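# Observations on the three-dimensional arrangement
Residues per chain, in single letters:
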Amino acid sequence: MTAELKRADIELIQRILPHRYPFLLVDKVVEIDGYSSACGIKNVTMNEPQFQGHFPGTPIMPGVTIVEAMAQTAGVMLGVGMDIIDSDLLIYFMNIDKCKFRRKVVPGDVLKMNVTTLRGKPGGKIFKFSGKATVDGETAAEAEFSAMVDIQAE
């Protein structure tokens, strides 16, 4: 990794996260500041499978997938910031606190996820993050969440 690496496109994201369609919920990460903060983007489209049932005729992105999108953004940030690309990285939720939903997210929206590391350091296994998801500058969801980092041995 070089100091200039401040973004992650979908190819790099897939080298960091194990998630794939239909559960890869971040399209790109446009700002990465080491392992301290990042901004991810999710383009919400009608062809995503959750909209068949949530809700028929009134498609709304489930709140849990918004929180997951924030967590995936944090995972990409850690992968880039700690130079653990191509490392069979798994990250597990440990808890979700202070979670609030403020606005519906619907097909056509661009979800912007800002995450900040509250606790954790390179080489550590436990991290705590703060996340805020917005659409057009309006808060859609916010939460604090903790996760355990597990790099799989070959």
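Structure: above.
One structure accompanies this document, and this report is about it.

Thresholds applied
- Residues numbered from 1 in each chain as written.
- Predicted model: local features only at pLDDT ≥ 70, side-chain atom pairs only at ≥ 80, totals over all residues.
- Heavy atoms only, no water.
- Pairing = 2+ DSSP bridges.
- Helix = DSSP H or I, 4+ residues; strand = E, 2+ residues; numbered from the N terminus.
- Axes fitted to C-alpha atoms, helices over the stretch in contact; angles between N-to-C directions.
- Contact = heavy atoms within 4.5 Å.
- Buried < 20%, exposed > 50% of the residue type's maximum accessible area, 1.4 Å probe, protein only.
- Polar contact = N/O pair within 3.5 Å; in protein donor to acceptor, adjacent residues only side chain to side chain.

## Digging into the sheet that holds strand β1 (residues 28-33)
- What the six strands build is an open sheet, ordered β1-β2-β4-β5-β6-β3; its pairing is antiparallel. Of all the strands in the sheet, the pair left with one neighbour each is β1 and β3 (89-101). Neighbour-to-neighbour, the strand axes of the sheet open up by a mean angle of 25°, direction not taken into account.
- Sheet contacts for helix α2 (residues 63-81): β1, β2 (37-43), β3, β4 (110-119), β5 (126-135) and β6 (138-151); angle to β3, the most-contacted strand, approximately 135°.

## Description of the pairing of β2
- Across the seven residues of β2, five count as buried, placing the element largely inside the fold.
- Strand direction decides the pairing type here: β1 and β2, joined by five bridges, are antiparallel. Among the inter-strand pairings, E31 is bridged to a residue of β2, identified as C39.
- Counted between consecutive antiparallel strands, the loop separating β1 from β2 contains three residues, among which G34 sits at a positive phi close to 55°.

## With respect to the side chain of K128
- Take K128: it is sitting in strand β5.
- Look at K128 and you get buried, because its relative accessible area is 17%.
- Engagement of the side chain of K128 in a polar contact is seen with the side chain of E144, the distance being 3.4 Å.
- When residues no more than four places from it in sequence are discounted, the contact partners of K128 are T116, T117, L118, R119, E144, F145 and S146.

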